[in-house]
Amino acid sequence: MTLIPRKQAAQLQTLVGIKRQKAEQDMLSLQMEVRRIEAEIAAISENLKALDRTGEEYDGASLARRHGAVERMIAEIDRRKAELATRQAELEAAREAFKRVMHSEDRISDL
């Protein structure tokens, strides 16, 4: 490996450090987004289950079905699941980018 001047190595270390911070922030942001979407899916599913219960709330559930609330909830769950899949793919890409930056940081420290 070629040795580079100390000043350039320090600048390179700084740049890679900034890149690492950005990669960490991106990954954290995507993790929070994934958790938020998962919570929304769970909440909508609970609302859907509530409509499925019979008994004293039957009239309300029946009206909700007749007016399309159930179909809208199912469509919303499907939409959120598609968004979740997209965000999970982005999160995986962010994790890979973070790994590459960490590897670069390790390599620079060897200089």
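Given the structure is predicted, the values throughout are model-derived calculations rather than measurements. (Residues numbered from 1 in each chain as written. Predicted model: local features only at pLDDT ≥ 70, side-chain atom pairs only at ≥ 80, totals over all residues. Heavy atoms only, no water.)

Engineer: I keep staring at the overall build of the protein and nothing clicks. Help me out?
Structural biologist: Scanning the protein from N- to C-terminus turns up three helices and zero strands. When its helices and strands are written in sequence order, the protein yields α-α-α. Buried residues in the protein amount to 26% of all 111 residues. As displayed, the protein offers around 8200 Å² of accessible surface, 55% of which is attributable to carbon and sulfur atoms. (Helix = DSSP H or I, 4+ residues; strand = E, 2+ residues; numbered from the N terminus. Buried < 20%, exposed > 50% of the residue type's maximum accessible area, 1.4 Å probe, protein only. Areas by Shrake-Rupley, 256 points an atom, 1.4 Å probe, with all protein chains shown as cover.)

Engineer: I keep staring at the pattern of salt bridges and nothing clicks. Help me out?
Structural biologist: Here the idea is simple: oppositely charged side chains can pair when their charged atoms come close. Within this structure, the stated rule accounts for 15 salt bridges. With a closest N to O distance of 2.1 Å, Glu40 and Arg80 form a salt bridge. One end of the pair, Glu40, is in helix 1 (residues 6-52); the other, Arg80, is in helix 3 (residues 69-109), and 40 residues separate them in sequence. By relative accessible area, Glu40 is classed as partly exposed at 23%. Connected via shared salt-bridge partners are Glu33, Arg36, Glu40, Glu76, Arg79, Arg80, Glu83, Arg87 and Glu90. (Salt bridge = Lys/Arg side-chain N within 4 Å of Asp/Glu carboxyl O.)

Engineer: It is not clear to me how the confidence of the model for the protein should be interpreted in this structure. Could you clarify?
Structural biologist: Low-confidence regions, as indicated by low pLDDT, have predicted coordinates that should not be scrutinised in detail. Looking at the protein as a whole, its pLDDT mean stands at 86, while 84% of the residues score no less than 70. By mean pLDDT, the top-scoring element of the protein is helix 3 (92), and the lowest-scoring one is helix 2 (residues 58-66) (63). (pLDDT = per-residue confidence, 0-100.)

Engineer: I tried to follow the nonpolar core on my own but got confused; where do I start?
Structural biologist: The nonpolar side chains of a soluble globular protein tend to be buried, and buried together. Formed by 18 residues in total, the largest nonpolar core has its most connected members in Met27, Ile41, Leu84 and Leu91. Here Ile41 is in contact with Ile77, Arg80, Lys81 and Leu84, once residues within four sequence places are set aside. (Core = buried A, V, L, I, M, F, W, Y, C linked by side-chain atoms within 4.5 Å. Contact = heavy atoms within 4.5 Å.)

Engineer: Whenever I open this one, a nonpolar patch on the surface confuses me. Can you help?
Structural biologist: Nonpolar side chains collect at one region of the surface, where Ile4, Leu12, Leu15 and Ile18 lie side by side and expose about 340 Å² of accessible area between them. For Ile4, the position within the fold is in the segment before helix 1. (Patch = residues over 30% accessible without salt bridge, like charges linked within 9 Å, V, L, I, M, F, W, Y side chains within 5 Å.)

Engineer: I would appreciate a short explanation of the environment of Ala10 in the present structure.
Structural biologist: Summarising the element assignment, Ala10 is placed in helix 1. Here the alpha-carbon distance between Ala10 and Ile108, two residues 98 residues apart in the chain, equals 9.1 Å.

Engineer: What exactly am I supposed to notice about the side chain of Gln31 here?
Structural biologist: For Gln31, the location among the structural elements is in helix 1. Gln31 sits in the buried class, given a relative accessible area of 18%. If near-sequence neighbours (up to four positions away) are discounted, Gln31 is found in contact with Leu91 and Arg95.

Engineer: Just checking my understanding: could you explain the side chain of Glu83 for this structure?
Structural biologist: Assignment of secondary structure puts Glu83 in helix 3. By relative accessible area, Glu83 is classed as buried at 19%.

Engineer: Mind showing me how you'd approach the environment of Val34 here?
Structural biologist: Mapped onto the elements of the fold, Val34 is located in helix 1. Take Val34: its relative accessible area is 7%, and that puts it in the buried class. For the pair Val34 and Glu90, spaced 56 residues apart in the sequence, the C-alpha separation amounts to 9.9 Å. The contacts of Val34, once residues within four sequence positions are left out, are Leu84, Arg87, Gln88 and Leu91.

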